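# Tertiary structure, described
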Amino acid sequence: MATHNVLLIGGGGREHALAWKLSQSELLKTLFIAPGNPGTSQFGKNISLDISDADRVVLFCRNKKVDLVVIGPEKPLVEGLADHLESHGISVFGPRKEAAKLEGSKMFAKKFMKKYEIPTASFKTFSSDKFDEALNYIEKRDRWPVVLKADGLAAGKGVFICESAEEAGQRLKQYRENDMLKEASDRLVIEDFMKGEEASVFVMCDGHSAKILHHAQDHKRIGDGDTGLNTGGMGAYSPAPIVDDHMLDRIEREIIAPTITGMQLEEAPYKGILYLGLMITPKGPKVVEYNCRFGDPECQVILPSLKNDLLDLMVASEEQRLDEKEIQVDELFRCCVVLASEGYPGSYQKGKRISGIENTDSNALIFQAGTALEHGELVTSGGRVMGVVGSGGTLQQAIDHAYDNVDKISFEGAYWRKDIGKKGLLHL
Ligand code: GLY
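Keep in mind the model is a prediction, meaning the values are calculated, not measured. Residue numbers run consecutively from 1 along every chain, following the written order of its sequence. Local features are withheld for residues below a pLDDT of 70 in this predicted model, meaning they are given only at 70 or higher, and side-chain atom pairs are given and counted only at 80 or more; totals for whole chains, interfaces and linings count all residues. Hydrogens and water are ignored here; the side-chain numbers use all heavy atoms of the structure.

## Some words on the pairing of strand 19 (residues 371–374)
- Here four bridges tie strand 19 to strand 20 (residues 377–380), and the two strands are oriented antiparallel to one another. Residue L373 lies in a different strand from strand 20, and its bridge partner there is L378.
- In this description, strands pair whenever DSSP reports at least two bridges between them. Helix and strand assignments follow DSSP, with helices taken as H or I runs no shorter than four residues and strands as E runs no shorter than two, numbered in order from the N terminus. In this structure, the hairpin formed by strand 19 and strand 20 is closed by a connection of two residues, where H375 is found at a positive phi of approximately 50 degrees.

## Examining the packing of aromatic side chains
- Stacked, tilted and edge-to-face pairs are distinguished by plane angle, under 30 degrees for stacked and over 60 for edge-to-face with tilted covering the rest, among Phe, Tyr and Trp rings (Trp via its six-membered ring) whose centres lie within 6.5 Å. Counted according to the given criterion, the structure contains nine aromatic pairs.
- Arranged with centres 5.7 Å apart and planes meeting at 65 degrees, the rings of W20 and F367 form a pair that is edge-to-face. Taken as a pair, W20 in helix 1 (residues 13–22) and F367 in strand 18 (residues 364–368) lie far apart in primary sequence, 347 residues in all.
- Ring plane angle 45 degrees and centroid distance 5.0 Å describe the contact between F112 and Y116, whose orientation is recorded as tilted. Here the two residues F112 and Y116 agree in accessibility, since each one is buried.
- Among the aromatic residues, ring-to-ring pairing joins F108, F112, Y116 and Y290 into one connected group.
- Here, a charge over a ring means that NZ of Lys or CZ of Arg falls within 6 Å of the ring centre while also lying within 35 degrees of the ring normal. Positioned above the aromatic ring of W416, the side-chain terminus of K418 is 4.9 Å from the ring centre. Here the term buried applies to any residue with accessible area under 20% of the maximum for its type, exposed to any over 50%, and partly exposed to those in between, with areas from a 1.4 Å probe on protein chains only.

## A short note on a negative patch on the surface
- Note that patches include only residues with greater than 30% relative accessible area and no salt bridge, and the join distances are 9 Å for like charges and 5 Å for nonpolar side chains (Val, Leu, Ile, Met, Phe, Trp, Tyr). Per-residue accessibility takes into account occlusion by the displayed protein chains alone, with areas from the Shrake-Rupley method and a 1.4 Å probe. Salt bridges are defined by distance alone: a side-chain nitrogen of Lys or Arg within 4 Å of a carboxyl oxygen of Asp or Glu. Counting rule for charge: Lys and Arg are taken as positive, Asp and Glu as negative, and neither His nor the chain ends is counted. Note that the charge is assigned to NZ on lysines, CZ on arginines, CG on aspartates and CD on glutamates. Taken together, the side chains of D129, D132, E133, E183 and D186 define an acidic patch exposed on the protein surface.
- Turning to its location among the elements, D129 is positioned in the loop between strand 6 (123–127) and helix 7 (131–139).
- The exposure class of D129 is exposed, given its relative accessible area of 64%.

## Let's talk about the site of the ligand
- Every residue near the ligand is listed here: D218, G232, Y275, R293, G295, D296, P297 and E298.
- In protein, a polar contact requires one atom able to donate a hydrogen and another able to accept it; more generally it is a pair of N or O atoms within 3.5 Å, and residues adjacent in sequence count only if both atoms are side-chain atoms. The separation between an oxygen atom of the ligand and a polar side-chain atom of R293 is 2.9 Å.
- One of the side-chain N or O atoms of E298 is found 2.9 Å from a nitrogen atom in the ligand.
- Burial of the ligand by the protein amounts to 88% of the accessible area it has alone, namely 200 Å².
- Residues are grouped as follows: nonpolar covers Ala, Val, Leu, Ile, Met, Phe, Trp, Tyr, Cys and Pro; charged covers Asp, Glu, Lys and Arg; every other residue, Gly included, is treated as polar. Its residues assigned to classes, the shell around the ligand shows two nonpolar, two polar and four charged. By convention in these notes, a residue is near a molecule or strand provided one of its non-hydrogen atoms lies within 4 Å of it.

## Describing the environment of E266
- Positionally, E266 belongs in the loop between helix 10 (245–265) and strand 15 (271–281).
- With 66 residues separating them in the primary sequence, E266 and S200 have C-alpha atoms 25 Å apart.
- It only takes one pair of heavy atoms within 4.5 Å for two residues to be counted as in contact. Those residues in contact with E266 that sit more than four places away from it in its chain are F112, K115 and Y116.

## Focus: helix 8 (residues 165–177)
- Expected helix span is taken as 1.5 Å per residue step, with the number of steps being one fewer than the number of residues. Compared with an ideal rise of 1.5 Å per residue, which puts 13 residues at 18 Å, helix 8 spans 18 Å between its outermost C-alpha atoms and is within 8% of the ideal.
- Every buried residue belonging to helix 8 is among A168, G169, L172 and Y175, and all of these are buried. Along the long axis of helix 8, the arc covered by the buried residues comes to 115 degrees, so they all point the same way. The exposed residues of helix 8 that point more than 90 degrees off its buried face are E166 and E177.
- In this fold, the buried residues of helix 8 make contact with helix 7, strand 7 (146–150), strand 8 (159–162), helix 9 (179–184) and strand 9 (187–192). As used here, the arc is the angular range of directions from the helix axis to the C-beta atoms.

Laid out in structure tokens, this is it:
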């Protein structure tokens, strides 16, 4: 039965969860992870491969007879790694460059939504040589707050919610002056702020059909009560109680169906995971952003719920047979609490010894992210160090199981939010 050699690209908590789930597949022969982390090495072979060198990835796939490449992060997708591999006859789970523009270019995504009447906030776009026009537009606005978005990938640092013209003016200057943001903000999107509650919906697509896997809510800010700086995500829970069956039906009709059809009409059929960042507003679901991959840490709460064989779904997606599949998820709640290094999302120290994972119990899964092995000892090596995922028959139970196990793990300077999942309890 085991027929597939798979190369998984990435090395974060999302990829640890993907490796864990893929390793359960009856179809899996060998799993390679590039670069992986100490957690993924329990489920496959971590390899050192420069994934920015697409020819090297092709060579590796040929040498090891890799049947499917699963690309975890957005950057290689947006840069066209899938196109390169497919042009050499290697199958990929993940969108091609033109389709990954849904995440890679905010301007493309907004214009696409307008063209295909997909609900989203009203917006205007500006190119970087028209900064004065952007400033002028902002000064004349009478609706606040306003949202500024850099067009390109900015590792979650390209979006600002501004309460006044003065603040927006400062942020506009920041786009020009900050080296990292300059590249991403060649073009800018300025849009209305949407009021409501955010939810993330994950959809598996094969270019023609699409199946909802599951949904979750992320906690992007560093501090309890959604305060402080934005991060990659400090925790998540699933399912998102605000996304009931009626809402899912609307999301399918008003957002997913026109997105799939629209991308076909744009001659960029969408395959892989489509991550809908939504605002559930009093008028219905609206798109905040599209992403071309699984969310991190949402992936860590979605995959444990999925009853299907993930590799079977990925192969079906690659072979455009997704319409044959029925997605099944269990009835449990999941809550992921991210343990971070002191100072994250700013600067932080690495190399802190991690202890206690062996004391965690079967009510929790541990997905490593910023970890490394030093002289055989597990140490911190990143901002987000690991996610502790509790599960339970109620959201409260899942939260309790996550925090009970967080308490068993320690490293110097460990920081975590204490309120993951709390806002979900308000809806139950
Ligand atoms: N958790 C947010 C993201 O993956 O973009």
